[in-house]
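Topology and contacts: notes
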Amino acid sequence: MLSIVVNGAPHFCRDERSTVADLLRELALTGKRVAVEMNGEIVPRSRYEASPLAAGDKLEIIAAVGGG
Amino acid sequence: MNAPHPPPVDPLQIGGRVYRSRLLVGTGKYRDFAQTREAVVASGAEIVTVAIRRTNIGQDSTAPSLLDALPPTEFTYLPNTAGCYSADDAIRTLRLARELLDGHTLVKLEVLGDPQTLFPNVRETLKAAEVLIKDGFEVMVYTSDDPIIARELEEIGCVAIMPLASLIGSGMGILNPWNLKLIIAEARVPVLVDAGVGTASDAAIAMELGCAGVLMNTAIALAQEPVRMARAMRLAVEAGREAFLAGRMPRKLYAASPSSPTSGLIG
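**Observations concerning the interface of chain B and chain A**
By convention, interface size is frequently given as the accessible area that disappears when the constituent parts associate. Contact with chain B, which involves 27 residues of that partner, is made by 25 residues of chain A. When chain B packs against chain A, close to 2,300 Å² is buried across both sides, 58% of that on carbon and sulfur atoms. Contact with chain A buries surface across chain B, with R54(B), E99(B) and L100(B) losing the most and accounting together for 28% of the total. Seen at the junction of chain B and chain A, the total is 4 salt bridges. A salt bridge links D102(B) to R45(A), with the nearest nitrogen and oxygen atoms 2.7 Å apart. Summed over the shared surface of chain B and chain A, the result is 17 residue pairs in polar contact (both at pLDDT 80 or more). The pairing of strand β5 (residues 58-66) of chain A with strand β4 (residues 47-54) of chain B spans 5 bridges and is antiparallel. Its bridge partner being in β4(B), V65(A) is matched across the sheet by A51(B).

Set out below in structure tokens:
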């Protein structure tokens, strides 16, 4: 069990070797237009599959919403 | 195959790109995405602002999103930094927005100083603008109507200066046309009124003063009939621009200058 924080809330990944791409798949966000920041650094889309998650990682997954 | 669009007459030029519409609109405060789209389309706007927020985890993944209603292929998305109270927050937000929008660099910078009035913190705005411009962003900057700040923002390289007409969401219209005129007279980049527009005449006045464009959200979204107001705003921006280009008649305290002949009066 991998314990991380996603958008300010605790999240548990069953697979200890999860990557950012795995997380997005788990959250049904694959193919959606989002951006990912991990521990304060932006993870480029091209690196989702190659970015492993570690215990305690803090992720922000953001999207565009209505605003002025 | 579609016929190519003719080049726009009197285009709005921002940061090396041209746009046909001088009306830019926000996408917030609408009833739903359908209304958002209807209003944005009625406004004729090509550039729409969006906010950058945490995506909803656990939400139904088939639920429609803003991007379904307003595809980024059809509109130019202008990410904003609404809700940011520090330069660091704004910089972080826009870097994420750039990643989100495939490297797109045209952004709206706003750094707020007060949650009640939403008045901009111009010191933090200047700090953020400097960093963002060095990082390759094309910054359209929301600011107060202080001509000195506007000058400094232009000098550090902002591609557009966007002074408020009045407080965000207030609909009070242009409270200080004199400051706006000072800013417009000196600026060599486009000046767009952003914030405080309430109805069509406000937008027309902004254009008559010489603004390159107008950015608004609440004026349309909170009108009794938003789609109708969006149409009104489109016409107002066009009318104001035409009046500006036509060159208005001079104002006089009194003229004794009738439009009808003074000779041949019936005796």
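Alright, that's what it looks like, and here's the rest.
**Comments concerning the environment of E138(B)**
The residue E138(B) is located in strand β7 (residues 138-143) in this model. Residue class for E138(B) comes out buried when judged on its relative accessible area of 16%.

**Considerations on the sheet that holds β7(B)**
Residues and elements named next belong to chain B. Taken together, the 3 strands give an open sheet; going across it, the order is β6-β7-β8, and neighbouring strands pair in parallel fashion. With one partner strand each, in any of the chains shown, β6 (106-109) and β8 (160-163) form the two edges of the open sheet. Averaged over neighbouring strand pairs, the angle between their axes works out to 20 degrees when direction is ignored. As judged from the 4 bridges shared by β6 and β7, these two strands associate in the parallel manner. The residue of β7 that forms the bridge with V107 is V139.

Conventions used here
Residues numbered from 1 in each chain as written. Chains lettered and ligands numbered in written order. Predicted model: local features only at pLDDT ≥ 70, side-chain atom pairs only at ≥ 80, totals over all residues. Heavy atoms only, no water. Contact = heavy atoms within 4.5 Å. Buried area = accessible area lost by both parts, 1.4 Å probe. Salt bridge = Lys/Arg side-chain N within 4 Å of Asp/Glu carboxyl O. Polar contact = N/O pair within 3.5 Å; in protein donor to acceptor, adjacent residues only side chain to side chain. Pairing = 2+ DSSP bridges. Helix = DSSP H or I, 4+ residues; strand = E, 2+ residues; numbered from the N terminus. Buried < 20%, exposed > 50% of the residue type's maximum accessible area, 1.4 Å probe, protein only. Axes fitted to C-alpha atoms, helices over the stretch in contact; angles between N-to-C directions.

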